Amino acid sequence: MRQPSRLLAFAPALPLIAMVASLSACGAKADDKQMPTPVVGVVIAKTQAVPLETELSGRTEASLVAEVRPQVSGIVLERLFAEGSRVRAGQPLYQIDSRLYAASANQARATLANAEATVEANRLKAERYRLLAQEGGVSKQDAADAAATYNQSKAQVAANRAALQTQQVNLGFTRVTSPITGQIGRSTVTKGALVTASQADALAKVQQLDPLFVNIQQSSNDFLALRRSLQKGSLKPVGSVPVRIVLADGTEYPVEGRLNFADVDVGTDTGTVTLRATVPNPQGLLLPGLFVKARLAQATVPDGILIPQQAVTRTPRGDASVLLVNAEGKIESRDITADTAIGDKWLVTKGLKPGDKVVVDGLLKAKPGAKVKAVIAGSPANSAASK
């Protein structure tokens, strides 16, 4: 008798419960209609040869440097160039008093003429004694002595001719010329100065500024690591390494240079290896002694993958990961190795394969396990979805 009374007691509440359930079902259906599938922008991973670019400090240096020094002593009578001008190889730069050297050359010339006259007389005597010795007119010893005297006089002529050449060379040294073509600096002497052949100070310095050398310093540890990677085959060498120069004000020099060689010695004070690049300098913009930055690619990663930096997230320990859209259209997280920045991208050497869809736009809507619609980043569909 008590059970029916309970059912009667709950009977008025049944319509209310059914109404609430019906409203909840309608609300769920409405929510399903209001929550469309999120759209995310992705890039398709692909392998490519990626040059590993390095920025190193360097200093410019003239490709040819000639310090002009006197090779004879005397008073400077004239300076024949304008300081800071461009001079040609063989162009006269200074005139040293040549009077003493001209007199010495004349004296050597006269001595040579005297020796040449003597040798002719000795030749005739030696020839006459040879004939007389055959006929018994003179002894063979006298004929031999005459021949020896003739030979000695010929040797004396050769010695005097060499002395004359020496004096003529010294006379030529009184006109100091430029050994190379290039830019000449300031003169350390003026008209009337006494210069000597053994002096330590140069009269002037001529430098060839086109092309220009850039001496680049690279850590020996980095250099050895690069060589090991090249030997293992994980990196490939760049055939003719291009070098771009960045000036002190941050601007890039417009002409590209080329890497020449790497030194075989490691600096004992700095622990660095010197690399040398040759840079054309037709306008003379670069000057010797400038501190510059050199950007160069010494090797390439043959199968590298580049992805935008905004696609990579890192843990406090620096571990990198990305979000991918898998074959089922769902988001999944993937750990990667990305230690090198190339411009605005990360170089991924482990964790991705060609064809992977990496999420770069809509990261806030991309939750691991969520169903998403993937469109190519930057496409009109992605732009419309992001608005």
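> Would you mind showing me how to read the packing of helix H3 (residues 99–135) against helix H4 (residues 140–173) here?
Between two packed helices, both the angle of their axes relative to each other and the distance between the axes serve to describe the pair. Where H3 contacts H4, the axes come no closer than 8 Å and their chain directions differ by 165°. As the angle between them shows, H3 and H4 are arranged roughly antiparallel. The handedness of the crossing between H3 and H4 comes out as left-handed.

> So what exactly am I meant to see when it comes to the environment of Ala49 here?
In this fold, Ala49 is placed in strand E2 (residues 47–68). Its relative accessible area of 54% is what places Ala49 among the exposed residues. Along the primary structure Ala49 and Gly304 are separated by 255 residues, whereas in three dimensions their C-alpha atoms are 6.0 Å apart. Once residues within four sequence positions are removed from consideration, Ala49 is found in contact with Val301 and Pro302.

> Explain the pairing of strand E5 (residues 92–96) here, please?
Two faces belong to every sheet, and in a regular strand the side chains alternate between them. Burial analysis of E5 places four of its five residues in the buried class, the great majority of the element. Direction of pairing for strand E3 (residues 74–79) relative to E5: antiparallel, over a ladder of three bridges. Among the inter-strand pairings, Arg79 is bridged to a residue of E5, identified as Tyr94. Pairing of E5 with strand E6 (residues 175–177) involves three bridges; the strand directions are antiparallel. Considered in E6, the bridge of Pro92 is made with Thr177.

> Sorry, what's going on with the pattern of salt bridges here?
Any two side chains of opposite charge can pair, so long as their charged atoms come close to each other. In this structure the tally under the stated criterion is 15 salt bridges. Note that Glu83 is salt-bridged to Arg79, the shortest N-O span being 3.7 Å. Between Glu332 and Arg334 there is a salt bridge, with the nearest N and O atoms lying 3.3 Å from each other. Salt bridges here are not isolated pairs; linked through shared partners, they connect Glu55, Arg244, Glu252 and Arg295.

> For this particular structure, what's the right way to read the side chain of Ser63?
Relative to the helices and strands, Ser63 is located in strand E2. Within the structure, Ser63 has its side chain in polar contact with the backbone oxygen of Pro211 (distance 2.7 Å). Once residues lying within four places of it in the same chain are set aside, the contact partners of Ser63 are Gln208, Pro211 and Phe213.

> Would you explain the sheet that holds E3 in this entry?
With respect to topology, four strands assemble into an open sheet ordered E6-E5-E3-E8, the strand pairing being antiparallel. With partners counted over all chains shown, the strands left at the sheet margins are E6 and strand E8 (194–195), one partner each.

> Looking at this model, I keep getting lost on the confidence of the model for the protein. Mind explaining?
Close reading of the predicted structure is inappropriate where its pLDDT is low. Residue-level pLDDT values for the protein average 82, and 85% of them are 70 or greater. Within the protein, the element-level pLDDT minimum falls on helix H1 (residues 2–10), averaging 44, and the maximum on E5, averaging 96. Here residues 1–11 scores under 50 on pLDDT; set against residues more than four positions off or in separate chains, the count is zero contacts.

> I keep staring at the side chain of Asn281 and nothing clicks. Help me out?
In this fold, Asn281 is placed in the loop between strand E13 (272–279) and strand E14 (291–308). Of the polar contacts made by the side chain of Asn281, one reaches the backbone nitrogen of Leu285; its length is 3.1 Å. Apart from the residues within four sequence positions on either side, Asn281 is in contact with Leu209, Asp210, Pro211, Leu212, Tyr253 and Leu286.

Here is what the cut-offs are and how they apply
- Residues numbered from 1 in each chain as written.
- Predicted model: local features only at pLDDT ≥ 70, side-chain atom pairs only at ≥ 80, totals over all residues.
- Heavy atoms only, no water.
- Axes fitted to C-alpha atoms, helices over the stretch in contact; angles between N-to-C directions.
- Helix = DSSP H or I, 4+ residues; strand = E, 2+ residues; numbered from the N terminus.
- Parallel < 35°, antiparallel > 145°, perpendicular 65-115°, else oblique.
- Left-handed = near helix turned anticlockwise from the far one by under 90°.
- Buried < 20%, exposed > 50% of the residue type's maximum accessible area, 1.4 Å probe, protein only.
- Contact = heavy atoms within 4.5 Å.
- Pairing = 2+ DSSP bridges.
- Salt bridge = Lys/Arg side-chain N within 4 Å of Asp/Glu carboxyl O.
- Polar contact = N/O pair within 3.5 Å; in protein donor to acceptor, adjacent residues only side chain to side chain.
- pLDDT = per-residue confidence, 0-100.

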